[in-house]
Amino acid sequence: MTTKRKIPRVIASVFVFVFAFHFVYGPAISGQEKPISRQETLRGTITPERAWWDVLHYDLSVRFMPETRSIKGSNFITFKTLLPGSRMQIDLQTPLNVTKVIHGGSELKFEREGNVFWITFDKEIPQGVEDRVDIYYEGRPKAATNPPWDGGVTWGRDDLGNWYINTTCEGIGASVWWPNKDIGYDEPDRGMKINITVPENLVDVSNGRLKGVDHDAQGKTKTYHWEVTNPINNYGVNANIGNYVNWSETFEGLGGKLDINYWVLPHQKEAAMKTFQEVPRMLKAFEHWFGKYPFYEDGYKLVTVAYPGMEHQSSVTYGNYFRNGYRDRDVSFTGIGYKFDFIIVHESGHEWFGNNISMKDAADMWIHEGFTNYAENLFVEYYWGKKEGSDYVIGSRKNITNDSPIIGTYGANREGSGDMYYKGGNMLHTIRQIVNDDEKWRSILVGLNTDFWHQTVTTQQVEAYITQKAGIDLGKVFDQYLRTTKIPLLQYRTEGNKISFKYDRVVPGFAMPLKVVVNGKPMSITPTESVQSIDATEPVKTFEVDRNFYVESAALL
Ligand SMILES: [Zn+2]
């Protein structure tokens, strides 16, 4: 996903935040203290009714009926028991309804609690077995109001009047359109089948590979059978229904031959064939920085949609007007953003950070968005050099609001601040400066994607990994940028040859090494919260902090 474009909304929320901060809570409360509701707890935690079973495979079948804006389908869930269990939590949001649950040929009892269905098995299933439960459901799903941010189903029409239907569900959750275990930590280890039935004149494009199409001439429908062989995050699953045409190419990459498929509406094809030449360029750059594309078995697809774009695994969606920039904007304010197609680069970057490495809890969403924002400047660096890359990531600091911490609220499906994008990217750019060894830094980025290959992780795992591989304790650096809204302030004073300095606005024990430039010459210092003084070899005429570090500076009084 990308950051919301609606600037007035951001300003409004800042105002509300400041207002609430001063007049309701008084000082020193993060503004995120809204009590966690029962529904949020059920959604955002590993409840006992989730913990005993591990998803192995989803076999999802959904019929889309645009005339009534309704859907009807089933999800056959294959699971392995980690513990004995008899009560299962399945998530499906209102107004959709579970109509029937089948286990071993007989119907099971179930009851509803908001967006959760409690399913009771006839007898306890022992630990260590593989089993299957079939969930049948139907209804008129929530319509998306501002996709992809406020998601659901978009029952749209293309420019020629044909149905153009998309699903989007990041944040709100996949259970807005299909029943599943709707939390990040558990992905189907063996992948998923996605069988989508549509009016016979339309095409469905979902994730993975198209294995076949059935035509029901009497019912005037077609069913598209898609298959994903790798684990997939729930919100990455999507259905795109329209008058699609396609073409393909092969990319020779680090994993061999990668099948690339492009799906567009007929009148988009000419423009798309030009713009989508960005795809192999993107793959080349990201395989350099992050290692091989994580889903060779499932291929790579780019699919046009009516909203800006989303990182749907192995079927990245695109709605960026076939022009460079991000919907005619440059998020870095430097002009560099107009050199590439933002949506192709950003959303595809998520194949590594988001889809290959996925968060267990939505509070750690920065693992997706911070790294993928950072990936944009690595793409720039790969094609236009290190200075342009730095200009891009530094320029994007203008988007940072420091309204609330990047890490959200655990156990409640609550993301942190939108600063996870640009501040997350700038934190990683800063850490690269601390590591001060570009090959080592690249090996850490590749290593993350290798050692956490197809896994769900916590921020603690990512932080510990980078610290260990860098050989530098970065714990306080992560604490500062991920868990506070304060940007470190370097206070300094120069007198003759003497330079005095200290950090302010930092977490206790923060001692991040810093590069500074004294009389035009680079120098390393390690400020702390106490004043330190060093002697330069000559009288200090100019002193600046290396701009690549995301810190501010001011006079030491
Ligand atoms: Zn994103």
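As shown above, the structure is provided for reference.
Positions within a chain are numbered from 1, following the residues in the order the chain's sequence is written. Two thresholds apply to this predicted model, a pLDDT of at least 70 for residue-level local features and 80 or more for giving and counting side-chain atom pairs, whereas whole-chain, interface and lining totals are computed over all residues. Where side-chain values are given, they derive from all heavy atoms of the structure, hydrogens and water being excluded.

## Structural notes on the nonpolar core
Point 1. By convention a nonpolar core is built from buried Ala, Val, Leu, Ile, Met, Phe, Trp, Tyr and Cys residues, the set being connected through side-chain atoms within 4.5 Å. Partly exposed residues are those whose accessible area sits between 20% and 50% of the maximum for their type, while under 20% is buried and over 50% is exposed, using a 1.4 Å probe and protein chains only. In terms of nonpolar packing, the biggest core is built from 150 residues, with Phe64, Trp177, Trp366, Ile431, Ile466 and Met512 touching the most fellow members.
Point 2. For the purposes of this entry, the term helix denotes a DSSP run of H or I that reaches at least four residues, the term strand denotes a run of E that reaches at least two, and both are numbered from the N terminus. For this core, the leading source of residues is helix H7 (residues 366-384), giving eight residues.

## Notes on the packing of helix H9 (residues 422-435) against helix H12 (residues 475-483)
Point 1. Between H9 and H12, the shortest axis-to-axis distance is 10 Å and the interhelical angle comes to 160°. Compared by their axis directions, H9 and H12 come out roughly antiparallel. H9 and H12 meet at a crossing whose hand is right-handed. The segment H9 lies against H12, with Lys423, Met427, Thr430, Ile431 and Ile434 engaging Val477, Phe478, Tyr481 and Leu482. Only the contacting stretch of a helix is used when fitting its axis, a line to C-alpha atoms as for every element, and angles between N-to-C directions run 0 to 180 degrees. Angle categories: roughly parallel below 35 degrees, roughly antiparallel above 145, roughly perpendicular from 65 to 115, and oblique for all the rest. For any helix crossing, the convention is left-handed if the near helix is rotated counterclockwise from the far helix by under a right angle, and right-handed if that rotation is clockwise. By the convention used here, residues are in contact when the closest approach between their heavy atoms is within 4.5 Å.

## Considerations on H12
Point 1. Those residues of H12 that sit buried are Val477, Phe478, Gln480, Tyr481 and Leu482.
Point 2. Of the surrounding secondary structure, the elements contacted by the buried residues of H12 are H7, H9 and helix H11 (459-470).

## A closer look at empty space enclosed by the protein
Point 1. Only protein atoms enter the 1 Å grid used here. Points where a 1.4 Å probe fits but cannot escape make up a cavity, open sets with protein on both sides within 12 Å along at least five of seven lines make up a pocket, and a residue lines them when an atom lies within 4 Å of a point. Grid points are joined across faces, edges and corners, and a volume is the space filled by probe spheres set on the points. In this structure the tally under the stated criterion is one cavity of 30 Å³ or more.
Point 2. There is about 30 Å³ of room inside the largest cavity.
Point 3. Residue lining of the largest cavity: Thr2, Thr3, Phe342, His346, Asn373, Glu376, Tyr421 and Tyr422, and that is the complete set.
Point 4. When residues of the lining of the largest cavity are traced back to their parent elements, those giving at least two are helix H6 (342-349) and H7.
Point 5. Along the lines of polarity and charge, the residues of the lining of the largest cavity split into three nonpolar, four polar and one charged. Classification convention: Asp, Glu, Lys, Arg as charged; Ala, Val, Leu, Ile, Met, Phe, Trp, Tyr, Cys, Pro as nonpolar; all other residues, Gly among them, as polar.

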